[in-house]
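Understanding the architecture of this molecule
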Amino acid sequence: MPREQQYAALRALYETAGGAHWQSVVDGNLVSGNAGWLSTVDPCSPTDPWQWVNCTEGSVVELLLSNSNLDGTIPSQLGLLTSLRRLNLSATNGRGRISGTLPSELGRLTALQQLHFYGNTISGSLPNLGMLSELKVFRGFGNYLQGIVPPWAFALPRLLDFTCGQQALSGTLPILGSTNLSRLDVSFSSLSGSIPAELFQKRSYGTVYLGATSFSGTLPTTLDGRLTDLSELYININSISGFIPTQLTALPSISKLALGADFLSGTLPPALGRLVDLNQLSITDTRLSGTVPSELGQLSRLDVLELQTHSLSGTLPLELGHVAAEKTCYLTALQCWSIGACGFNFRGNHFTCPLPDLSPNCGTGLVAYVSSSSQECKVAPSPPPS
């Protein structure tokens with residue numbers, strides 16, 4: 001690539017993104033972060049390298065400016081860096097000040113494999129990146145983007161990670177192409193409509209975050225045992241209704257499952273006890289009723305169990321005493337209250353005495369009451385594990 005072309009692109013970035021004030025951290029101290037910039041017309045000079053810039057055979061292949069105190073906008077001239085493979089303009093330190101829009105010229109970076117710009121104040125809609133056939137990672141969460149999730153997010157053949165939540169994206173999820181996505185995160189957005197059943201016909205997912213949205217309809221029955229790599233699933237804080245599908249209880253590798261803060265109804269499926277790799281089960285703030293299945297006592301790896309604010313009733317199964325929770329413990333309900341510090345939260349239900357003995361897992365004493373009568377609950381020993 002001509003060095004003059006590379007110089008023009010990087011000079012434009014320096015001038016539009018506050019290059020004179022870039023910083024880096026050395027031994028815990030903030031120091032100037034623009035060493036070498038504009039000192040030569042060759043950004044790939046072996047004798048006078050430019051900080052944050054990596055080259056191969058005279059071409060800029062990486063521009064890694066995360067947490068460098070960027071302040072300004074992204075210039076369209078970055079589209080001249082046609083050999084670029086990694087572009088990182090993100091901010092994890094809460095100081096991201098890149099604003100404006102993503103230039104459409106980024107769609108010319110056909111060698112690009114990773115694009116990171118999260119933690120800034122970028123607005124507008126996502127440009128057409130449908131020609132970036134090498135793109136594997138797209139992380140742009142925590143900005144002010146609007147508009148739809150573009151079809152290319154589900155069509156690029158090598159895209160593994162689309163993380164673009166925590167902003168005002170709207171519309172519905174497009175399901176096109178033959179996605180290989182392993183990570184999908186569009187949480188904390190304004191996306192609406194139903195969750196397409198086709199979304200989970202793609203079997204490559206490892207983590208899916210669809211929480212804090214406006215999704216409605218029911219949970220797809222394609223959430224089933226064929227999703228062999230799915231380990232984390234968050235579909236909570238939305239307008240989902242209907243029952244918890246039994247297919248969901250066949251996910252073989254799930255370790256974190258969060259549902260609720262919605263209109264789910266029916267009962268808790270006893271088959272949830274088959275999800276033996278679960279370390280977090282959070283099903284909260286729904287219209288579920290009935291009792292807590294004793295089969296949940298088979299979830300020996302749980303660190304967090306949250307079942308608060310339903311219309312659940314009856315006694316809590318004594319088998320919960322086998323659950324090996326060791327974190328924040330609330331056994332708090334409308335009619336049962338306790339003191340502790342492990343990962344149980346049952347508040348807002350209508351349980352009655354006796355209570356399962358959770359004290360071996362909580363590591364603290366357990367005090368429980370039935371609030372309607374101020375009668376102290378007796379703690380019952382757990383039956384032997386089956």
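Residues numbered from 1 in each chain as written. Predicted model: local features only at pLDDT ≥ 70, side-chain atom pairs only at ≥ 80, totals over all residues. Heavy atoms only, no water.

Among the nonpolar cores identified, the biggest contains 87 residues, and Leu63, Phe138, Phe162, Leu210 and Leu233 are the most heavily contacted of them. Taken together, the elements giving at least two residues each to this core come down to helix 1 (3-16), strand 4 (59-64), strand 18 (232-236), strand 20 (256-260) and strand 22 (280-284). Considering every element that reaches this core, the biggest residue donor is helix 1, with 5 residues. With residues near it in sequence (within four places) discarded, Phe138 still touches Leu115, Phe117, Leu126, Leu129, Trp152, Leu159, Asp161, Phe162, Thr163 and Cys164. (Core = buried A, V, L, I, M, F, W, Y, C linked by side-chain atoms within 4.5 Å. Buried < 20%, exposed > 50% of the residue type's maximum accessible area, 1.4 Å probe, protein only. Helix = DSSP H or I, 4+ residues; strand = E, 2+ residues; numbered from the N terminus. Contact = heavy atoms within 4.5 Å.)

Turning our attention to the sheet that holds strand 15 (residues 190-194). Taken together, the 5 strands give an open sheet; going across it, the order is 9-11-13-15-17, and neighbouring strands pair in parallel fashion. Looking along the sheet, the strands with just one partner apiece sit at the ends: strand 9 (123-124) and strand 17 (214-216). Sheet analysis places strand 11 (residues 144-147) next to strand 13 (residues 168-171), joined by 2 bridges and oriented parallel. By the bridge assignment for strand 13, Gln146 is matched with Ala168. (Pairing = 2+ DSSP bridges.)

Okay, helix 1 next. When the terminal C-alpha atoms of helix 1 are compared, their 20 Å separation across 14 residues agrees well with the 20 Å that a helix rising 1.5 Å per residue should span. Listing the buried residues of helix 1 in full gives Gln6, Tyr7, Ala9, Leu10, Ala12, Leu13 and Tyr14. If you follow the buried residues of helix 1, they end up packed against strand 3 (53-56) and strand 4. Two residues or fewer after helix 1 comes Gly18, characterised by a positive phi angle close to 70°. (Expected span 1.5 Å × (residues − 1).)

With that out of the way, let us pick up unusual backbone geometry. Both trends apply: most residues other than glycine have a negative phi, and most peptide bonds are in trans. The phi dihedral of Glu57 falls on the positive side, at around 50°, and the residue is not glycine. Among the structural elements, Glu57 can be located in the loop between strand 3 and strand 4. In this structure, Gln166 takes a positive phi of about 60° despite not being glycine. Relative to the helices and strands, Gln166 resides in the loop between strand 12 (161-163) and strand 13.

Moving on: the side chain of Asn238. Here Asn238 shows up in the loop between strand 18 and strand 19 (241-242). A polar contact of 3.4 Å, which involves the side chain of Asn238, links it to the backbone oxygen of Asn236. Polar side-chain contacts of Asn238 include one of 2.9 Å to the backbone nitrogen of Ile240. Among residues more than four places away in sequence, those in contact with Asn238 are Thr213, Phe215, Gly260, Ala261 and Asp262. (Polar contact = N/O pair within 3.5 Å; in protein donor to acceptor, adjacent residues only side chain to side chain.)

Time to look at the side chain of Thr286. Assignment of secondary structure puts Thr286 in the loop between strand 22 and strand 23 (289-290). At 3.1 Å, the side chain of Thr286 and the backbone nitrogen of Leu288 are in polar contact.

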